[in-house]
Amino acid sequence: MEKYARYRYQPCLPLGVGGRPATASPEHIALSRRAAGEGMVLLKNEAGALPLRRGEKIALFGKATIEYIKGGGGSGDVYTPYVRSIYEGFAEKEAQGKVQIYMPAVDFYRSYVKAESKNVLTPEQIDARWDIVNNMPFCQERDDLTYDTFAAMHVREPAVDKALIADAAAWADTAVVTISRFSAEGVDRRPIPGDWYLSDIERDLLSGAAEAFSKVVVVLDSGAPVDCEFFAEDPRIQGVLFGWQGGIEGGGAIADILCGDVNPSGKLVDTIARSYDDYPVTEAFTESFNYVNYLEDVYVGYRYFETLPGMRERVRYPFGFGLSYTDFALCGTVVCPSGDGLVAVTTVRNVGDRPGRETVQVYCAAPQGLLGKPARVLAAYRKTRLLAPGESETLAMAFDRAALASFDDLGRIQKSAFVLEKGVYEFFVGTDVRSAQKTDFALELADDVVVEQLHDYCRPWKLPRRLRPDGSYEPMPTGEAAYRFGKNEPLTAPAPEKLTLFDDVGETISLDSFIAQFTDDELTDFVGGKPPTGVANTGCFGGMARLGVPPIPTADGPAGVRLEPKVGISTTCWPCATLMACTWDPELIFEVGAAGGRELYENNIGIWLAPAMNIHRNPLCGRNFEYYAEDPLVAGKSAAAAIRGVQSSHAAVSLKHFACNNKEANRFASDSRLSERALREIYLRGFEIAVKEGDPITIMSSYNLINGQHTSESWELLTGILRTEWGFRGMVATDWGVKNDPVTEVLAGNDLKMPVGYPADLKKGLEDGRLTRADLEVCVRRILEMTLRMA
């Protein structure tokens, strides 16, 4: 096939086994189910309640018995051929003689969901709601309407008659109660019953089951944490499985784990606190629709709970925690220098009676010094292969000393530099942040070491203060905002004498000479998105008929390739990003990425608007299900693996949302105010890892502002940090519908405005001198370089 044929001609060429389609193929669906099983986290298993005994009689409760929530809402939703419910997952096991299901409870939920589904909003009603929402200025009423609209996309949890519970308990041994949650882009979750906290109906259901049954197992069907206090310590509730949102086969994966066909090996990538109010500065999350002050600074997630006085006791389930049906022992653990870095080595032995996998985590405790540090920071991790009982595996986990450095944004040691402060660096190895044991090795530095000298980019102007490790706050410098921009040099290559088409670039013509053929009007038009082609519905990157530049179609993600139902193609829904991160398995994430890339390429789509990797700063961010973790190392490694996987299948990604898109309310205009240190160490570090290890072909800037400037207009972020400091060689596009100034975006290095451009505004910028041809040429060059990589 000639290059770009997929995008020019939209051929129907299946890429699956035996000439069948790869899209939603049995192989991809099986992979989705396997991935879901690898990332679900067993939180509680008292007295060997799980796995269920062969032939055990179970009663299923909770609306997710029938209406399983496969993933979150918004652009990350996926249209699939089916969704396997929890009942359907257990029905498979019943057919195999592994469980017996109490059918009256199933029939109750089936009838309820069928009847109540009539009250669920139709696509037409949803569109009508969005027409109202999108024409309102942002205010509490708009936020409430958005929240209520997403809530109305699913049936509500019904009250269950006590007689049904009693009859079920008279027949069944065990109650399996599912608590489900749904969240979506454009609105945040709320610390209210039925969202973060259990509703009265859910509490009554759990209480009734606990009183009637000798064994109760809770399954959480949610893309983000919920309050666990009601059941965490209740001895009548013996098992808790955090199933996250497992995609197309999520109900089957839950049954696999509870029946013991899969041994759970997922580990938490978020700290679950005893109360929402225990998370750092929760009041700042909802203080204003116009800004968010990141007062907690670098003390996010476990960095906060393991460091701040008195907060260790406020953790219900620590970062990295997860149980197994077997037991493991670590022995021979050492940490030692290795070249310019360090390596941790340990041997993991399965000392239980079931095959299983374990994840080993390495944490560093840096000296407090002048800057102040979290008590623990994840430095490296690795997951074993499946170990049979008695089998061992030795893991080596290497990491750079530079990864232990802190960013000095106020000049206490060296301004705008990553520094290793003098003192003793201790290392802990274990299977979660809380149980990790101190090793015999310590790295001692006699003097401060400057690891990397950088710049004071994206500094805060209105951040009033930030948290210190002792719980006090230090004031931050404020002032009048001032933002830097660079200068672009014009291309010097001459245009060819004869019109030359894009396919000849690199053969008979250089890229610069090819660009010289563009008129000014074509340049201003080229840096805007183009209409969708084929089955795509989100528009195209690039494309210009006169010079033969093919448009590269895009599709939403990251839970799967999102195609509209009207095109007649269903795709695989993968587990949500948080579940994937909970696998702690970059190889598996690569495999899922590669499969997703095949579905893109098979459907003649070039770019997946994924992965998404903003930090879980607050558990109520509405889009956390699309993001990986509270820790930037886990987020960065997971994203890098996904990128490599997708781009190994002749497709590309658009890594998003760059950066600090940690809140959905008023996301087009909310200013994320944070220190340079927090920006560098927490919110950019994952992106940096993904860029350097994954080499994404495109990146998507975010809706929000960072310290007073929209990300798509920030030269300091997009050019100073992303391109100059990190060496990113790809293209940057805006998120869809950004209303920012297109001239400033071009000057910042935001190459492409989606879904359409504003050529008249850019032409005016050329006329009044705000913009030069050179400024447009550099953006056009990067768009064309992206296109060349798609050949």
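Residues numbered from 1 in each chain as written. Predicted model: local features only at pLDDT ≥ 70, side-chain atom pairs only at ≥ 80, totals over all residues. Heavy atoms only, no water.

## Looking at the overall build of the protein chain
Next up, step 1: For the protein chain, the count of helices and strands is 23 helices and 30 strands.
Next up, step 2: The C-alpha radius of gyration computed for the protein chain amounts to 26 Å, which stays within 12% of the reference 28 Å derived for 791 residues, consistent with globular compactness.
Next up, step 3: In terms of overall dimensions, the protein chain has C-alpha extents of about 85 × 65 × 50 Å along its principal axes.
Next up, step 4: Within the protein chain, buried positions represent 63% of all 791 residues.
Next up, step 5: Residue pairs at least 24 apart in sequence account for 76% of intrachain contacts in the protein chain once pairs closer than 6 positions are excluded.
Next up, step 6: Summed over its atoms, the accessible surface of the protein chain is roughly 27800 Å², and 51% of this surface lies on carbon and sulfur atoms.
Next up, step 7: Placing the 84 positive and 108 negative side-chain charges of the protein chain at their respective mean positions leaves the two points 1 Å apart. (Helix = DSSP H or I, 4+ residues; strand = E, 2+ residues; numbered from the N terminus. Rg over C-alpha atoms; globule rule 2.2 N^0.38 Å. Buried < 20%, exposed > 50% of the residue type's maximum accessible area, 1.4 Å probe, protein only. Contact = heavy atoms within 4.5 Å. Areas by Shrake-Rupley, 256 points an atom, 1.4 Å probe, with all protein chains shown as cover. Lys, Arg positive; Asp, Glu negative; His and termini not counted. Charge placed at Lys NZ, Arg CZ, Asp CG, Glu CD.)

## With respect to the pairing of strand β17 (residues 423-430)
Next up, step 1: Counted residue by residue, β17 has six buried out of eight residues, so it is predominantly covered.
Next up, step 2: Sheet topology note: the strand β12 (residues 359-365)/β17 ladder contains five bridges and is antiparallel. Its bridge partner being in β17, Y363 is matched across the sheet by F428.
Next up, step 3: Of the pairings in the sheet, the one linking β17 to strand β18 (residues 437-445) comprises six bridges and is antiparallel in character. What sits directly across from G423, in β18, is L445.
Next up, step 4: Joining the antiparallel neighbours β17 and β18 is a turn of six residues. (Pairing = 2+ DSSP bridges.)

## Considerations on helix α19 (residues 685-694)
Next up, step 1: Burial runs high along α19: eight of the ten residues are buried.
Next up, step 2: All of the buried residues along α19 are R685, G686, F687, E688, I689, A690, V691 and G694.
Next up, step 3: Immediately downstream of α19, the backbone of D695 shows phi near 55°, a positive value.

## Re the packing of helix α16 (residues 586-602) against helix α17 (residues 632-647)
Next up, step 1: Viewed as axis vectors pointing N to C, α16 and α17 meet at an angle of 40°, and their least axial separation amounts to 6 Å. When the interaxial angle is binned, α16 and α17 end up oblique. The hand of the α16/α17 crossing is right-handed. Between α16, through P586, I589, F590, G593, A594, G597 and L600, and α17, the contact on the second element is made entirely by S638, A641, A642, R644, G645 and V646.
Next up, step 2: Counted by class, the contact of α16 with α17 contains eight nonpolar, four polar and one charged residues. (Axes fitted to C-alpha atoms, helices over the stretch in contact; angles between N-to-C directions. Parallel < 35°, antiparallel > 145°, perpendicular 65-115°, else oblique. Left-handed = near helix turned anticlockwise from the far one by under 90°. Nonpolar A, V, L, I, M, F, W, Y, C, P; charged D, E, K, R; others polar.)

## A look at the side chain of T271
Next up, step 1: Along the polypeptide, T271 turns up in the loop between α10 (250-258) and β7 (272-273).
Next up, step 2: Judged by its relative accessible area of 3%, T271 falls in the buried class.
Next up, step 3: There is a polar contact of 2.8 Å between the side chain of T271 and the side chain of E630.
Next up, step 4: Dropping the residues within four chain positions of it, T271 is found in contact with Y279, G301, Y302, F305, V315, Y317, F319 and E630. (Polar contact = N/O pair within 3.5 Å; in protein donor to acceptor, adjacent residues only side chain to side chain.)

## Focus: the pattern of salt bridges
Next up, step 1: Under the counting rule described, the total for this entry stands at 70 salt bridges.
Next up, step 2: Of the charged contacts, one joins E777 and R773 as a salt bridge, the two residues approaching to 2.8 Å between their closest N and O atoms. Here E777 pairs with R773, and both are found in helix α23 (residues 773-789), just four residues apart, close to one helical turn.
Next up, step 3: Using a relative accessible area of 6% as the deciding quantity, one classes E777 as buried.
Next up, step 4: Exposure remark for R773: the relative accessible area of 26% places this residue in the partly exposed category.
Next up, step 5: Connected through salt bridges with shared partners, the residues R33, R84, E92, K93, K98, E249, D256 and D261 form a single ionic network. (Salt bridge = Lys/Arg side-chain N within 4 Å of Asp/Glu carboxyl O.)

## Re the side chain of R466
Next up, step 1: For R466, the location among the structural elements is in strand β20 (residues 465-467).
Next up, step 2: A polar contact of 3.3 Å, which involves the side chain of R466, links it to the side chain of S675.
Next up, step 3: Not counting residues up to four positions away in its chain, the partners in contact with R466 are L295, D297, D409, L410, R412, S472, Y473, E474, M476, S675 and R677.

## Observations concerning α10
Next up, step 1: Of all nine residues making up α10, nine are buried, and the element is well covered by its neighbours.
Next up, step 2: Structurally, α10 contributes buried residues whose contacts are with α2 (26-39), α3 (86-95), β4 (174-180), β5 (215-221) and β6 (239-242).
Next up, step 3: Phi turns positive, to about 85°, at G260, one or two residues after α10.

## Some details on the nonpolar core
Next up, step 1: F61, F90, F213, L258, F658 and Y683 are the most contacted members of the largest nonpolar core, which totals 156 residues.
Next up, step 2: Among the elements that take part in this core, α17 stands out by supplying eight residues, more than any other.
Next up, step 3: Filtering out sequence-adjacent residues up to four positions away, F658 remains in contact with L684, F687, I699, M700, S701, S702, T711, L717, L718, L722 and W726. (Core = buried A, V, L, I, M, F, W, Y, C linked by side-chain atoms within 4.5 Å.)

## Re the packing of aromatic side chains
Next up, step 1: One pass over the structure, following the stated rule, counts 32 aromatic pairs.
Next up, step 2: Plain terms: the ring middles of F514 and F518 are 5.9 Å apart, the flat faces sit at 80° to each other, and that makes the pair edge-to-face.
Next up, step 3: Overall, F514 belongs to the buried group, its relative accessible area being 0%.
Next up, step 4: Assessed through its relative accessible area of 2%, F518 is described here as buried.
Next up, step 5: Among the aromatic residues, those joined into a cluster by ring pairs are W196, Y197, Y276, Y279, Y304 and F305.
Next up, step 6: Directly above the ring of Y147 sits R190, whose terminal nitrogen or CZ lies 4.3 Å from the centroid.
Next up, step 7: Taking NZ or CZ as reference, R465 lies 5.4 Å from the ring centre of Y473, over its face. (Phe/Tyr/Trp six-rings, centres within 6.5 Å; stacked < 30°, edge-to-face > 60°. Lys NZ or Arg CZ within 6 Å of the ring centre and 35° of its normal.)

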